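# Observations on the model geometry
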Amino acid sequence: MTLLKRLLRTPEGTIGLVILAALLIAGLLAPAISPGDPLRIAGRALLSPFSDPSLPLGTDRLGRDVLAGLLYGARTSLAVGIAAALSAMLLGLFVGMAAGFAGGAIDEALMRVVDAFQIVPGFLLALAFVSIIGVSTPVVVFAIALGTWADPARLTRAQVLSIRERDYVAAARVIGMHPAEIAFKEILPNALPPVLALSATIVAGAILTEAALSFLGLGNPNLATWGSMIAEGRSVLRSAAYLSVLPGLALAITVLGVHLFSEGLTRALGHEGDSR
Amino acid sequence: MSPPFCSVRNLSVRYGLEAALKSVDLDIVRGERLAIIGESGSGKSTLARTLAGLLAERARIEGEITWPALGQAPLPGRDFGFVFQDPGTSLNPVLTIGEQVAEVARRHLRLDWRQAYVHAEGLLDRVRIPQPARAMRAFPHQLSGGQRQRVAIAAAIAAKPALLIADEATSALDVVVQAEIVRLLDGLVREEGMTLLFITHDIALASGFVDRVAVFRKGELVEAGPVRSVLSSPAESYTAALIANHRDLSTKPLITEVVS
Amino acid sequence: MKRALLLLRRRIISSIPVLLIVVIFSFFLLESASGDAVDAYLGSIGGGDAALIKSLRESYGLDQSVFARLWLYLSSLARLDLGWSVAFNRPVRDLIAERLPNTLLLMGSATALSFGLGSALGILAGARPGSLRDRFLSIGSLIIYAIPSFWLGLVLSILFSVKLRWLPIAGIETIASGKTGFPRAFDIAEHLALPVGALSFIYLALFLRVMRSGMAEAWKLDFVLFARTKGLSRSRIVLRHVARNALLPLVTMLGLQSAAMLGGSVVIESVFAIPGFGRLAQEAVNGRDAPLLMGIIVTSAVLVICVNFIIDLVYAALDPRIGASEGRA
């Protein structure tokens, strides 16, 4: 049974996949559904939802299209979330493998660095980084990755250390496999699954961090983001609460989708049994 | 003749298509020490767990088990105690030895905690744990395998049950320790007048102290009878093979019979 | 007690290199800012002449080389001097000392609430894994865990402060109310109710899940089977055997989340305008106040180290196998 079929057998996997697919489609089709710059003035300010067919979810305080904001916000959240998670995972994998293989003083030194990045609250670090360097998207992605790479690094190293001692690695060494070959063909594929399981949590965390950053005004001001929409809606909380509520709902659904998908994926992968 | 303590009639246990026990007929006499002997896959552990009501949900049970002496199925702790094979994992690592023995007494003997702890300390002494007062406050990881098994036995008999089931209780221990545990079990069971069901693959170990043996093979009861007669003149060829293939049978059994 | 002190000493020694890395990294990060605090100050007063700029830079030591300043900073840190806040014109240490108690109160209450309620619900769920109750709690916690805490804070304040008017909308206490003692405590509690609620809601879900999964794992262990053959009551098995063992990974998770919680307090304090440590970070960012931001990062690191140490002590108290070098009985 292919992985996809196994995934769809679990209720979590199915719902998660549906949510993520819907978000992906929404993000991809954003320019088609709401053409033009989502941050432009589209109509009268504070138009209520469902009153004007061309602006189905109304407008915000400045007259910007809420629906466009939501759709383009999906692009930002998914793009930044996935990019940040990927960077964090790659960095973590690299450092973790280096530490696990090198051992000795290099391992010690690298682990102190990992400790340092685990001790400082990730959000605080991202906050400091973005405020110093700037609010462009690559910087935001890197800032979020800085705050999250420590956990995958630690996990990878633990995996490498335990797998290194296993019999099939010793066997590979005995038949004369080159260390680098052993690293990539024997150890890495078996170290990967638990780290991959962590990836969903990281993506979800990255999406929430990006939202929090733009909520505080530290996101890319030229992009429509859910976080900034929530922040914008604060000033009209009493009269037009939906302006803050809708983007938050979108965030919650996205993160839920990621978690459900990951839970389904873990279940689906779990049934594969141990590879050795 | 008084009714048996437990009567098993036509018992069959299946997991899916696999039969673990097939049409077993067996009586357990009150106060006797009965050894269930078999190799792995013989169904001996399944029998023990069926009697104790510990089977997994997917097991299919057919046949009848009656308990004339009790009138109903035995209640765990109160009517029977169970000792497992692995002393390393039978005990809860985060609770003290004392608590794990006392909780049984408290539950079944209607004692308060203070009384239960006193009772537990007495039990630890009876199972020959050195310095029982100190041991009460110790944790499982501080004890050796043999000592942990003694604690498990103490907990199993804490409420003075009528039946003690030892499922390969010595198989994970060193040979010398095995002999000690067997000696302990023998003594305890005699003192309390308990019925003992001793599950093992080691025919020599069991035959040294039990009254009767029941030999199992691939889920079927091959032969049952008094230990002397089964060992000296086995009715079945399988039994004979078991006896013959056992090492050291030319030497005396590990435990010589205690003169009563 | 002696073991605790030994652990403390070991922890302090191993933490120093880590703290050093934190300080050095943050220092160089803040160095790379394109404008320093003096620029920000000048921006706010509308510019100044060269002599003023030079004298300002000198007085803040901003004219020396990077490494000289790093060394200066490290030596003042050793004296517990965290520098001078340019935006507030006060010692950084005083600012932090003022604001930290509010955040500690906020975080402490949120942790207590989420841990207590989360583990209780987790025990309910884990008492019968796979049951309807378990599925309901598991799905519920998954949904709650997905909610952004700052958005939840907003929604709660819409509901309770705006629509229902039950609770105050911002701040930590009514300003200039002159209250003391118990009425003041009650006032603060009213103000903290929503922020604590928002912050703890998310972590409640997390702790619920960890306790539940810990229990699901513990159920499979042999000593639980042994406990059943002993005929113990169900509640005793669930609480004293299964949950007691599931408590261990939960305590570990508590330690792992402490840094994240501190980070979360930044946004919550922003939403509810609580004058706390987290909010101070945001103000430092807005005011381009590098020394203050440095001080905040270093203090956060120290705080997390302290919390982790306490967690380690708690874990050792709960798991008798830790530090088991006492030998066999």
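What this report covers is the structure whose coordinates are included nearby. (Residues numbered from 1 in each chain as written. Chains lettered and ligands numbered in written order. Predicted model: local features only at pLDDT ≥ 70, side-chain atom pairs only at ≥ 80, totals over all residues.)

Moving on to the overall build of chain A. The number of helices and strands found in chain A is 11 helices and zero strands. In sequence order, chain A lays out its α and β elements as α-α-α-α-α-α-α-α-α-α-α. Once the C-alpha set of chain A is aligned to its principal axes, its extents read approximately 75 × 45 × 30 Å. (Helix = DSSP H or I, 4+ residues; strand = E, 2+ residues; numbered from the N terminus.)

Right, let's talk about helix H3 (residues 66–102) of chain A for a bit. With 37 residues, H3 of chain A extends 53 Å from end C-alpha to end C-alpha; this agrees with the ideal 54 Å at 1.5 Å per step. Following H3 of chain A by one or two positions, Gly 103 of chain A adopts a phi angle in the positive range, close to 65 degrees. (Expected span 1.5 Å × (residues − 1).)

With that out of the way, let us pick up the interface of chain B and chain C. Each partner contributes to the interface: chain B provides 28 residues, whereas chain C provides 21 residues. Elements that contribute at least two residues to the side of chain B that touches chain C include exactly helix H2 (87–90), helix H3 (97–109) and helix H5 (132–136) of chain B. Considering each element in turn, the side of chain B that touches chain C owes the most residues, four residues, to H3 of chain B. (Contact = placed C-beta atoms within 7 Å.)

Turning next to helix H4 (residues 104–119) of chain A. Because each turn of an α-helix spans 3.6 residues, side chains separated by three or four positions in sequence point in the same direction. Between its terminal C-alpha atoms H4 of chain A stretches 23 Å, which fits the 22 Å expected from 16 residues at 1.5 Å a residue. Those residues of H4 of chain A that sit buried are Val 114, Asp 115, Ala 116, Phe 117, Gln 118 and Ile 119 of chain A. Of the surrounding elements, those touching the buried residues of H4 of chain A are H3 and helix H7 (150–164) of chain A together with helix H1 (2–31), helix H10 (234–272) and helix H12 (290–318) of chain C. (Buried ≥ 20, exposed ≤ 12 C-beta atoms within 10 Å, placed from the backbone.)

Grouped together as the largest cluster of nonpolar side chains are 159 residues, with contacts concentrated most on Ala 126 and Leu 127 of chain A together with Leu 293 and Ile 297 of chain C. With 18 residues, the top contributor of residues to this core is H3 of chain A. Residue contacts for Ala 126 of chain A: discarding those within four places in its chain leaves Ala 143, Ile 144, Leu 146, Gly 147, Thr 209 and Leu 213 of chain A. Core analysis: the second largest hydrophobic core is formed by 82 residues, Val 24, Ile 36, Leu 51 and Val 127 of chain B among them. (Core = buried A, V, L, I, M, F, W, Y, C linked by C-beta atoms within 7 Å.)

Moving on: the sheet that holds strand E8 (residues 212–217) of chain B. Residue and element names in this part refer to chain B. If you walk across this open sheet you meet the six strands as E5-E6-E7-E3-E8-E9, and the pairing is mixed. Of all strands in the sheet, those bounded by a partner on one side alone are strand E5 (80–83) and strand E9 (220–226). This sheet shows a mean twist of 15 degrees between the axes of neighbouring strands, independent of strand direction. The sheet contact formed by strand E3 (residues 33–37) and strand E7 (residues 195–200) spans five bridges and is parallel. Bridge pairing in E7 links Arg 33 to Leu 196. Here helix H1 (residues 44–52) sits on the sheet and contacts E3, E5, strand E6 (163–167), E7 and E8; the angle it forms with E6, its principal contact strand, is near 145 degrees. (Pairing = 2+ DSSP bridges. Axes fitted to C-alpha atoms, helices over the stretch in contact; angles between N-to-C directions.)

Taken together, the 35 residues of chain A in the interface contact 38 residues of chain C. Going through the elements one at a time, H4, helix H5 (122–133), helix H9 (179–215) and helix H11 (242–270) of chain A are the ones with two or more residues in the side of chain A that touches chain C. In terms of residue count, H5 of chain A provides more of the side of chain A that touches chain C than any other element does, nine residues in total. When its residues are assigned to classes, the side of chain A that touches chain C shows 25 nonpolar, six polar and four charged. (Nonpolar A, V, L, I, M, F, W, Y, C, P; charged D, E, K, R; others polar.)

Right, let's talk about the sheet that holds strand E1 (residues 6–15) of chain B for a bit. Residue and element names in this part refer to chain B. If you trace the three strands from one edge of the open sheet to the other, you get E2-E1-E4, paired in antiparallel fashion. Only two strands of the sheet have a single neighbouring strand rather than two, namely strand E2 (18–28) and strand E4 (59–66). Averaged over all pairs of adjacent strands, the angle between strand axes in this sheet comes to 5 degrees, irrespective of strand direction. When E1 meets E2, the two strands line up antiparallel, connected through seven bridges.

Turning our eyes to something else, we now look at the packing of helix H5 (residues 92–127) of chain C against H10 of chain C. Residues and elements named next belong to chain C. Between H5 and H10, the shortest axis-to-axis distance is 9 Å and the interhelical angle comes to 145 degrees. Every pair of crossing elements has a handedness; the one defined by H5 and H10 is right-handed. Each of Thr 103, Leu 106, Met 107, Thr 111, Phe 115, Ser 119, Ile 123, Gly 126 and Ala 127 in H5 lies in contact with H10, whose residues at this interface are Val 238, Ala 243, Ala 246, Leu 250, Leu 254, Met 261, Leu 262, Ser 265 and Glu 269. (Left-handed = near helix turned anticlockwise from the far one by under 90°.)

Between chains A and C lies the most contact-rich interface of the two pairs of chains that touch. One finds no contact between chain A and chain B; the C-alpha atoms of the two approach each other to within 20 Å at their closest.

Okay, the packing of H4 of chain A against H1 of chain C next. Between H4 of chain A and H1 of chain C, the least distance of the axes is 8 Å, while the angle of their chain directions is 70 degrees. Taken together, H4 of chain A and H1 of chain C sit at an angle that is classed as roughly perpendicular. You can see that H4 of chain A and H1 of chain C cross each other, and the crossing is right-handed. On the side of H4 of chain A, the interface is formed by Arg 112, Val 113, Asp 115, Ala 116 and Ile 119 of chain A, while H1 of chain C contributes Pro 17, Val 18, Ile 21, Val 22 and Phe 25 of chain C. Considered class by class, the residues forming the contact of H4 of chain A with H1 of chain C number eight nonpolar, no polar and two charged. (Parallel < 35°, antiparallel > 145°, perpendicular 65-115°, else oblique.)

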